[in-house]
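This is what each chain is made of:
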Amino acid sequence: VHDVLNINGQIRECRDSDEHPESTPIVVGMDVTGSRGDDARLVYEAVPSMMGILRVTEVVPDPEVLFAAIGDANGDRYPLQVGQFESDRRMDDQLSNMVLEGGGGPFGEESYELLAYYLAYRTELDCTERGKKGFLFFTADEAPYPRVDRHLVKKYIGDTPQEDLDTTQVFKDLQKKFTPFLIFPRVYRHGGRDEMLRKWRGLIPDANILLLEDAGASVELMIGVLALSEGSMNFEEFEADMKKREVSTKRREDVLEALRNFAQRGLFQSVAADAFE
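Residues numbered from 1 in each chain as written. Predicted model: local features only at pLDDT ≥ 70, side-chain atom pairs only at ≥ 80, totals over all residues. Heavy atoms only, no water.

A. Structural detail: the packing of aromatic side chains. Under the counting rule described, the total for this entry stands at 8 aromatic pairs. Note on Phe137 and Phe181: the rings are 5.2 Å apart at their centroids and 20° apart in plane angle, and the pair reads as stacked. A residue pair is termed long-range when its members are at least 10 positions apart, and Phe137 in strand S7 (residues 134–139) and Phe181 in strand S11 (residues 178–185) qualify at 44 residues. Of the residues examined, Phe137 reaches a relative accessible area of 0% and is grouped as buried. Measuring from ring centre to ring centre gives 5.3 Å for Phe138 and Trp200, while their planes differ by 50°; the resulting arrangement is tilted. With a gap of 62 residues between them, Phe138 in strand S7 and Trp200 in helix H7 (residues 193–201) connect regions that are remote in the sequence. (Phe/Tyr/Trp six-rings, centres within 6.5 Å; stacked < 30°, edge-to-face > 60°. Helix = DSSP H or I, 4+ residues; strand = E, 2+ residues; numbered from the N terminus. Buried < 20%, exposed > 50% of the residue type's maximum accessible area, 1.4 Å probe, protein only.)

B. Local environment of the nonpolar core. If you look at the biggest cluster of nonpolar residues, it comprises 47 residues, and the most contacted ones within it are Met30, Met50, Leu54, Phe67, Phe137, Leu226 and Leu259. For this core, the element with the highest residue contribution is helix H8 (residues 218–230), accounting for 8 residues. Sequence-distant contacts of Leu259, defined by excluding residues within four places in its chain, comprise Leu221, Gly224, Val225, Leu228, Phe235 and Phe238. (Core = buried A, V, L, I, M, F, W, Y, C linked by side-chain atoms within 4.5 Å. Contact = heavy atoms within 4.5 Å.)

C. The pairing of strand S3 (residues 63–70), seen in detail. Counting buried residues along S3, 8 of its 8 residues qualify, which places the element largely inside the surrounding structure. A two-sided burial pattern is seen for S3, the buried positions comprising Pro63, Val65, Phe67 and Ala69 on one face and Glu64, Leu66, Ala68 and Ile70 on the other.

D. Quick look at the sheet that holds S7. Strand order in the open sheet formed by 6 strands is S4-S3-S2-S7-S11-S12, and the pairing between neighbours is mixed. A single partner strand is all that each edge strand has here, and the edge strands are strand S4 (80–82) and strand S12 (209–212). Sheet twist, expressed as the average angle between the axes of neighbouring strands with direction ignored, equals 20°. By the bridge criterion, 5 bridges tie strand S2 (residues 24–31) to S7 in an arrangement that is parallel. Bridged to Gly29 within S7 is Phe138. Across the sheet, helix H2 (residues 50–57) touches S2 and S3, and the angle it forms with S3 is around 155°. (Pairing = 2+ DSSP bridges. Axes fitted to C-alpha atoms, helices over the stretch in contact; angles between N-to-C directions.)

E. Summary view of the side chain of Thr33. Residue placement: Thr33 occurs in the loop between S2 and helix H1 (38–46). Residue classification places Thr33 among the buried positions, given a relative accessible area of 2%. A distance of 2.6 Å separates polar atoms of two side chains, one belonging to Thr33 and the other to Asp31. Looking at Thr33, its side chain comes within polar contact range of the side chain of Glu110, at 3.4 Å. Apart from residues no more than four positions distant in its own chain, Thr33 is found in contact with Ala40, Ile70, Gly71, Asp72, Asp76, Gly102, Gly103, Gly104 and Glu110. (Polar contact = N/O pair within 3.5 Å; in protein donor to acceptor, adjacent residues only side chain to side chain.)

F. Quick look at H1. Of the positions making up H1, those classed as buried are Asp39, Ala40, Val43, Tyr44 and Ala46. Viewed along the axis of H1, the buried residues span an arc of 165°, placing them on a single side of the element. Opposite the buried face of H1, at more than 90 degrees from it, the exposed residues are Asp38 and Glu45. Residues of H1 that are buried make contact with S2, H2, helix H3 (90–96), S7, S11 and H8. (Arc of directions from axis to C-beta.)

What follows is the structure, given as structure tokens:
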């Protein structure tokens, strides 16, 4: 892993400053495994536009964006690559150093739980002192492992838990700092989609699971979630904003369809029972 993406023994901070007095942490956790196919590349190519759109739309105050690449720690060489919270072109440098390994495992699980662990326990966010949370977006097509392997935590993060951790508990702790969302393919190329989504619904609110056809529209979908969450735009205003920014009709319809469940049900959903029972 490139030095700027190595988190072993390190924390990531999102701090308020004179320039950014109300920092808003935004994490984009990209599944870059082979099962994603072209979708991994489409998301990767779309995300550099995110800060520009955030500045134009002003949907959240003082956005600070962190990009992470997720693989499978049970086989990949680069299963967890995590940048810094940035608000300028330095995030492009971090993206350029990411390895899109295209690996992954054969069992319908990837190491999303390792990123959840890191964000839950190894980040420091000033926004929590103001009673706010960061935003976390997973772009994924499989499910996390049911346990956070202590050996993998030590290897990639540098912590030394005494035992494996329950993924459900880690996600509960994660939600003290972040509101998590899942962007999942609406058209699923593999079997077992319902089972994948059942597991995710045991970890994050159902309304925060967003089904999208065009992976390249992921950034627009994230902007919509941020706008609705912050109340800076309603559903109709966001649609009008996409038109103003000349987002294609097909992409607008795809994004709005993905947003509809969230717009109707809102953020405040309780986490379901253990997904792996």
